[in-house]
Amino acid sequence: MKPTSRNSPKLEELKLFLTEWINRTLKEEHIVVKSLEEDLYDGLVLHHLLENLGSLKLDVDKIALTEKKQRQKLSVIMEAVAKCLQLEESQLKWSVESILAKDLLSTLHLLVAIAKHFEPNLALPPNVEVETITIETTSTGLKTSNAVEYITENKENVEAQSKDDAFDELFSCAPDKLDAVKKALLQFVDQHVGKLGLNVRDIESQFSDGVILLLLTGQLEGYFLNLRSFFLTPASTTEMLHNVSLALDLLAEGGLLNFPVNSEDIVNGDMKAIMRVLYCLYAKYGTKEA
């Protein structure tokens with residue numbers, strides 16, 4: 001982990017959150033954690049935490065004073081965690097050696113995995129990421145590579161998935177509300193593309209060629225679209241697909257679209273797919289004045 005990441009406010013927030021969560025969970029056992037790296041490496045706290053959360057009875061000594069005993073204890077604990085979480089060894093972001101070495105990143109990954117499994121409704125701080133640097137020895141010398149690693153889920157991706165679920169439910173369980181949502185989205189679109197002299201009345205047909213979607217995105221995001229980059233009056237399905245794909249790419253690049261959308265669904269007039277895409281813009285600009 002890069003030194004700059006260690007001082008990240010989001011990382012500090014997660015460390016404090018997990019520390020308080022552990023202390024809350026183990027309050028009756030009079031265990032107080034002050035440092036995640038220093039207080040978890042020997043397996044004592046992890047042992048109590050698993051017994052408390054998962055009613056797991058582990059065949060290990062409560063206290064392990066030597067490094068050999070600590071390694072043995074951690075091996076049993078790690079095996080139990082992997083079994084509970086149903087993870088293969090290749091999926092683990094921690095190891096006996098990394099926990100024993102007081103590696104903060106491994107310790108955080110382990111605690112987050114335990115928390116999400118045993119208390120799925122726990123409101124972990126989202127979007128916690130760190131920059132990591134890996135150094136490898138090669139035949140030509142040392143090779144370094146940088147990467148960004150998420151410790152907790154990206155909230156935008158989770159919310160995007162929730163939107164998918166909401167539209168699935170809307171279409172299958174609440175068709176009576178569908179017209180109201182459709183009307184709100186059409187009014188929102190009309191409010192903005194109306195400035196260009198366009199009128200939008202039908203979701204299934206007027207968005208299938210990608211033109212209005214492109215013009216709407218340009219209006220809201222505040223940039224000019226070069227007329228040579230898309231087909232203003234597409235004459236074929238290929239040209240319509242080009243427009244729709246371009247619009248989806250722009251939305252994704254702008255951080256507005258965080259889930260996969262098939263361009264062909266839009267071209268084919270799939271109302272659910274079109275409404276999901278429009279909602280991405282509505283969620284950000286729905287309260288913006290015309």
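Structure's up top.
Quantities reported herein were computed from a predicted structural model and do not represent experimental measurements.

Trainee: Describe in detail unusual backbone geometry, supporting the description with residues and values.
Mentor: The backbone phi angle of K102 is positive, close to 65 degrees, even though this residue is not glycine. Residue placement: K102 occurs in the loop between α6 (96-100) and α7 (104-118). Given a relative accessible area of 31%, K102 falls into the partly exposed group. Its identity as a non-glycine residue notwithstanding, N127 has a phi of 60 degrees, on the positive side. Looking at the element boundaries, N127 is found in the loop between α7 and β1 (129-138).

Trainee: Give a description of the side chain of E51 that names residues and reports values.
Mentor: With respect to the helices and strands, the residue E51 is situated in helix α4 (residues 44-54). A relative accessible area of 18% means that E51 is categorised as buried. Leave out the neighbours within four places in its chain, and E51 touches L56, K57, L58 and K62.

Trainee: I'd like a rundown of the environment of D249, residues and numbers included.
Mentor: Tracing the chain through its elements places D249 in helix α12 (residues 237-253). Residue class for D249 comes out partly exposed when judged on its relative accessible area of 44%. Sequence separation between D249 and V200 is 49 residues, and the spatial gap between their C-alpha atoms is 22 Å.

Trainee: Just give me the short version of α7, but keep the residues and values in it.
Mentor: Compared with the 21 Å implied by 1.5 Å per residue over 15 residues, the 21 Å span of α7 between its first and last C-alpha is a close match. Those residues of α7 that fall on the buried side of the exposure criterion are L104, L105, S106, T107, L108, H109, L110, L111, V112, A113, I114 and A115. The backbone nitrogen of L105 lies 3.5 Å from a side-chain oxygen of the residue at the head of α7, namely D103.

Trainee: With reference to specific residues and values, describe the layout of surface pockets.
Mentor: Of the pockets and cavities examined, the second largest pocket occupies roughly 210 Å³. Ranked by residue count, the leading element in the lining of the second largest pocket is α7, at 4 residues. Tallied by class, residues from the lining of the second largest pocket come to 5 nonpolar, 3 polar and 3 charged.

Trainee: Hey, could you go over the environment of S5 for me, with residue numbers and the actual values?
Mentor: Here S5 shows up in helix α1 (residues 3-6). Given a relative accessible area of 6%, S5 falls into the buried group. Expressed as a C-alpha distance, the spacing of S5 and E129, which sit 124 residues apart in the sequence, is 8.2 Å. With residues up to four places along the chain from it excluded, the contact list for S5 reads L11, V130 and E131.

Trainee: So what's going on with the packing of aromatic side chains? Which residues, and what values?
Mentor: Taken as a whole and assessed by the stated rule, the structure comprises 2 aromatic pairs. Pairing F188 with Y282 gives two aromatic rings, centres 5.3 Å apart and planes at 90 degrees, and the pair type is edge-to-face. Placement of F188 in helix α9 (residues 175-193) and of Y282 in helix α14 (residues 271-285) is noted, with a sequence separation of 94 residues between them. Assessed through its relative accessible area of 30%, Y282 is described here as partly exposed. When the centroid spacing of 6.0 Å and the interplanar angle of 35 degrees are considered together, the rings of Y279 and Y282 count as tilted. On the criterion of helical spacing, the pair formed by Y279 and Y282 is a turn pair, its members being 3 residues apart in helix α14. With a relative accessible area of 28%, Y279 lands in the partly exposed category. Following the ring pairs from residue to residue traces out a cluster consisting of F188, Y279 and Y282. When the ring centre of Y41 is taken as reference, the NZ or CZ atom of K102 above it lies at 4.6 Å.

Trainee: Would you mind going over the pairing of strand β2 (residues 141-150) in detail, with residue names and values included?
Mentor: In this sheet, β2 lies alongside β1 in antiparallel orientation, the contact comprising 10 bridges. Its bridge partner being in β2, T132 is matched across the sheet by A147. Remark: 2 residues form the turn of the hairpin made by β1 and β2, two consecutive strands paired antiparallel.

Calculation notes
- Residues numbered from 1 in each chain as written.
- Predicted model: local features only at pLDDT ≥ 70, side-chain atom pairs only at ≥ 80, totals over all residues.
- Heavy atoms only, no water.
- Helix = DSSP H or I, 4+ residues; strand = E, 2+ residues; numbered from the N terminus.
- Buried < 20%, exposed > 50% of the residue type's maximum accessible area, 1.4 Å probe, protein only.
- Contact = heavy atoms within 4.5 Å.
- Expected span 1.5 Å × (residues − 1).
- Polar contact = N/O pair within 3.5 Å; in protein donor to acceptor, adjacent residues only side chain to side chain.
- 1 Å grid on protein atoms, 1.4 Å probe; cavity = no way out; pocket = protein on both sides within 12 Å on 5 of 7 lines; lining within 4 Å.
- Points joined across faces, edges and corners; volume = space filled by probe spheres on them.
- Nonpolar A, V, L, I, M, F, W, Y, C, P; charged D, E, K, R; others polar.
- Phe/Tyr/Trp six-rings, centres within 6.5 Å; stacked < 30°, edge-to-face > 60°.
- Lys NZ or Arg CZ within 6 Å of the ring centre and 35° of its normal.
- Pairing = 2+ DSSP bridges.

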